[in-house]
Amino acid sequence: MTELSRRLLLAGAAGLASRPAFAQGTPRRGGVLRVSVDQAASVIHPLRTRVNPEYLVTELLYSNLTRLRPDMTAEPDLATEWSANDALTEWRFTLRDGLVFHDGSPCTAADVAATFRAILDPRTASPARTNVGPIAATEALDARTVLFRLSAPYADLPVALAYTAARIIPARFAAGDLDALTRQAVGTGPFKLVSYEPDRRIVVARNERYHDPERPYVDRVEVMVFPDSTAETSALISGDTDILTTAGQGEFPRLSSARGVTALRTPSGQFLNVNMDCTQAPFTDIRVRQALALTVDRAAMVGFVAQGFGTPGNDVPMNLAYHFHKELPLKRANIAEARRLLAAAGHPNGLDLTLVASENPGTRTQLAVAMREMARPAGFRINVQTMPHATYLDQVWKKGTFYVGFYNMQPTADAIFSLLYTSDSAWNETRWNNQRFDALVREARVTTEEAKRRALYGEAQQLMHEEVPSIIPAFFDLLGARRDYVQGYVLHPRAAVFRLEQVWLGNGAPRR
């Protein structure tokens, strides 16, 4: 066993994360926790989730092999320990003893192996397929030991297995009626599904057979859907809800000054991007993409779109929150050069474009409007088209030519590149399909030497910075809020991790 493998095994055996530092007093059991989200949790299939409310609900109902700490390292969930061979091509994960699904059936290594076979099957259409690492095969060695055989060395596997769409499901669904989990929930998570109204309210109740006998602390969680941010803020301030998972920049000052409310803020790699289909004119011409990027005043964009709660972006989906971030010269607005590039691309009289933006979150529309105004002097005539989020997901996402995307921070450089920008990525929106970029990411994925990985990821970022498959003008701090009586809740920089089983209700909590 390599020294790296030994360190990974010790990390795996370290146990659950300790209680959040801010929490006060001894955790108490009981009560109903109301959590608000800003859009419907339309998908509860744990292998097919796409947006934060869906991640939250499936995290309540299911478990992964591992979970992400706030520093993006892996900690135990269903697995208590893990280790790799010297080549990092075979990994063994040991499950907790006595795991049980919500329906009373045992959860064993056979269920884990079947789950990942389903994830890796293209017919499942799981975004986890290209985000759980180069898994070639999974095998249950015994009831508690699962073996992952990889197609290439991969040091990030324990972190990758915490992916939001890699929840463990019973083998009878994984190998049988997989679509049944679009209508019901059978997991090992801290809560069981009580009722599901995706556009209004999702209710879950404590799972008495959860693997952690101390948690969850609350009896029930009610996930309340508030598409209107003002109404969502008012609900928290009035005490109708207890946690607001995602606060808008415009509502944050109101939350910060409200009595009985604690406003929450943490840096993150969350970003908006302007996706351009590199296989469709006019974006097949790199000069058009470069010209548009040169119209953006990035500092002003942070002020306008993030209202100061963020940092400038540089057309690379990584910032200082990522381990392998490469510092590149920040692009500055240069209208004269943008006009020259646009003319050289065959558009001396300017260019007409339609930029599509979902109405949720509202920052998408704000970014689109800002882009329209900033690009106008260079000759870009941009028509901004907004639409409801459900319509956007159905008609535009992964299909459109020019639209605004919104993404959470991923735990590793490989994860963010493999989610969005490699040719085989699950969400290959830009269809950039750059073979050199793909090769750099593949090589970095199988490299364990720190300096070499840094150089490979650095070159990949440099290539993206130059060729601009998408414009990334700003990164966002994560904002949220809780009532003062809520204990144990913190904002996770990944934005898709919530850990509500750690939350309890202290003095002053309402009786419901």
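Conventions adopted
Residues numbered from 1 in each chain as written. Predicted model: local features only at pLDDT ≥ 70, side-chain atom pairs only at ≥ 80, totals over all residues. Heavy atoms only, no water. Core = buried A, V, L, I, M, F, W, Y, C linked by side-chain atoms within 4.5 Å. Buried < 20%, exposed > 50% of the residue type's maximum accessible area, 1.4 Å probe, protein only. Contact = heavy atoms within 4.5 Å. Pairing = 2+ DSSP bridges. Helix = DSSP H or I, 4+ residues; strand = E, 2+ residues; numbered from the N terminus. Axes fitted to C-alpha atoms, helices over the stretch in contact; angles between N-to-C directions. Parallel < 35°, antiparallel > 145°, perpendicular 65-115°, else oblique. Left-handed = near helix turned anticlockwise from the far one by under 90°. Expected span 1.5 Å × (residues − 1). Arc of directions from axis to C-beta. Nonpolar A, V, L, I, M, F, W, Y, C, P; charged D, E, K, R; others polar. Polar contact = N/O pair within 3.5 Å; in protein donor to acceptor, adjacent residues only side chain to side chain. Phe/Tyr/Trp six-rings, centres within 6.5 Å; stacked < 30°, edge-to-face > 60°. Salt bridge = Lys/Arg side-chain N within 4 Å of Asp/Glu carboxyl O.

Trainee: Tell me about the nonpolar core, and please be specific about residues and values.
Mentor: Core analysis: the largest hydrophobic core is formed by 114 residues, its most contacted members being Leu65, Phe116, Phe148 and Leu500. When residues no more than four places from it in sequence are discounted, the contact partners of Leu65 are Pro76, Asp77, Leu78, Ala79, Phe93, Leu95, Val112, Phe116, Phe148, Leu161 and Ile168. Among the nonpolar cores identified, the runner-up in size contains 38 residues, and Leu341, Ala357, Met371 and Ala378 belong to it.

Trainee: Break down the sheet that holds strand β7 (residues 145–150) for me, citing the residues and quoting the values.
Mentor: One open sheet accounts for four strands, arranged β4-β5-β7-β6; its pairing is antiparallel. Of all strands in the sheet, those bounded by a partner on one side alone are β4 (79–84) and β6 (135–142). Across this sheet, the average inter-strand angle for adjacent strands is 20°, counted without regard to direction. As defined by bridge partners, β4 adjoins strand β5 (residues 90–95) across five bridges and the pair is classed as antiparallel. What sits directly across from Ala84, in β5, is Trp91. Strand contacts of helix α3 (residues 109–120): β5, β6 and β7, with the helix running at about 165° to β6, the strand carrying the most contacts.

Trainee: Which residues make up unusual backbone geometry, and what values go with them?
Mentor: Of the consecutive residues Arg215 and Pro216, the connecting peptide bond is found in the cis state with omega at 0°. Mapped onto the elements, Pro216 comes out in the loop between β9 (201–206) and β10 (220–225). Residue Ala281 is joined to Pro282 through a cis peptide bond whose omega torsion reads 5°. Mapping Pro282 onto the fold places it in the loop between β12 (261–276) and α8 (286–293). If you check the backbone angles, Leu88 has positive phi at about 60° while not being a glycine. With respect to the helices, strands and loops of the structure, Leu88 is situated in the loop between β4 and β5. The buried category is assigned to Leu88, whose relative accessible area is 3%. The backbone phi angle of Asn433 is positive, close to 50°, even though this residue is not glycine.

Trainee: Before we move on, could you go through the packing of helix α14 (residues 435–445) against helix α15 (residues 450–467) and cite the residues and values that matter?
Mentor: Packing of α14 against α15 leaves a shortest axis separation of 9 Å and a crossing angle of 160°. As summarised for this structure, α14 and α15 are arranged roughly antiparallel, according to the angle between their axes. For α14 against α15, the interelement crossing comes out left-handed. Each of Arg436, Phe437, Leu440, Glu443, Ala444 and Arg445 in α14 lies in contact with α15, whose residues at this interface are Lys452, Arg453, Leu456, Tyr457, Glu459, Ala460, Leu463 and Met464.

Trainee: Tell me what's going on with helix α11 (residues 363–375), and back it up with residues and numbers.
Mentor: An α-helical turn contains 3.6 residues, so any two residues separated by three or four positions project in the same direction. In this model, α11 (13 residues) spans 18 Å end to end at C-alpha, consistent with the 18 Å of a helix rising 1.5 Å per residue. All buried positions along α11 are accounted for by Thr363, Arg364, Leu367, Ala368, Ala370, Met371, Met374 and Ala375. Relative to the axis of α11, the buried residues are bounded by an arc of 165° and lie together on one face.

Trainee: Tell me about the packing of helix α13 (residues 413–420) against α14, and please be specific about residues and values.
Mentor: Put simply, α13 and α14 touch, their axes get as near as 10 Å, and they point 145° apart. In the crossing of α13 with α14, the sense of the turn from one axis to the other is left-handed. Residues Asp414, Phe417 and Ser418 of α13 form the contact with α14, whose participating residues are Phe437, Val441 and Arg445. Split by residue class, the contact of α13 with α14 holds three nonpolar, one polar and two charged.

Trainee: Lay out α14 with the relevant residues and their values.
Mentor: Along α14, the residues that are buried comprise Phe437, Asp438, Leu440, Val441, Ala444 and Arg445. Take α14 and look down its axis: the buried residues cluster within an arc of 165°, on one side only. Of the surrounding elements, those touching the buried residues of α14 are α13 and α15. Backbone nitrogen of Arg436 and a side-chain oxygen of the N-cap are separated by 3.1 Å at the start of α14; the cap is Asn434.

Trainee: Now, about the packing of aromatic side chains: what can you tell me, with residues and values included?
Mentor: Two descriptors summarise a pair of aromatic rings, namely the distance from one centre to the other and the angle between the planes of the rings. The tally for this structure, following the rule as stated, stands at 16 aromatic pairs. Ring geometry for Phe93 and Phe148: centres 5.4 Å apart, planes at 75°, overall edge-to-face. Residue Phe93 is located in strand β5, and its partner Phe148 is located in strand β7; the two are separated by 55 residues in the primary sequence. For Phe148, a relative accessible area of 0% corresponds to the buried category. With a centroid separation of 5.9 Å and an interplanar angle of 70°, the aromatic rings of Tyr392 and Tyr403 are classed as edge-to-face.

Trainee: Would you mind going over the side chain of Thr66 in detail, with residue names and values included?
Mentor: Examined against the element boundaries, Thr66 turns out to sit in strand β2 (residues 66–68). Among the polar contacts listed, one links the side chain of Thr66 to the backbone oxygen of Pro158, at a separation of 2.6 Å. Within the structure, the side chain of Thr66 is placed 3.3 Å from the backbone nitrogen of Ala162, a separation counted as a polar contact.

Trainee: An account of the pattern of salt bridges is needed here, citing residue identities and associated values.
Mentor: Taken as a whole, this structure holds 35 salt bridges when the rule is applied. For Arg172, the salt bridge goes to Asp103, with nearest N and O atoms at 2.2 Å. Of this pair, Arg172 sits in helix α5 (residues 171–174) while Asp103 sits in the loop between β5 and α3, placing them 69 residues apart in sequence. Given a relative accessible area of 46%, Arg172 falls into the partly exposed group. Salt-bridge contacts for Glu337 lead to Arg340; the nearest nitrogen and oxygen are separated by 2.8 Å. Separated by three residues within a single helix, Glu337 and Arg340 lie in helix α10 (residues 335–344), roughly one turn from each other. The partly exposed category is assigned to Glu337, whose relative accessible area is 26%. By relative accessible area, Arg340 is classed as partly exposed at 46%.

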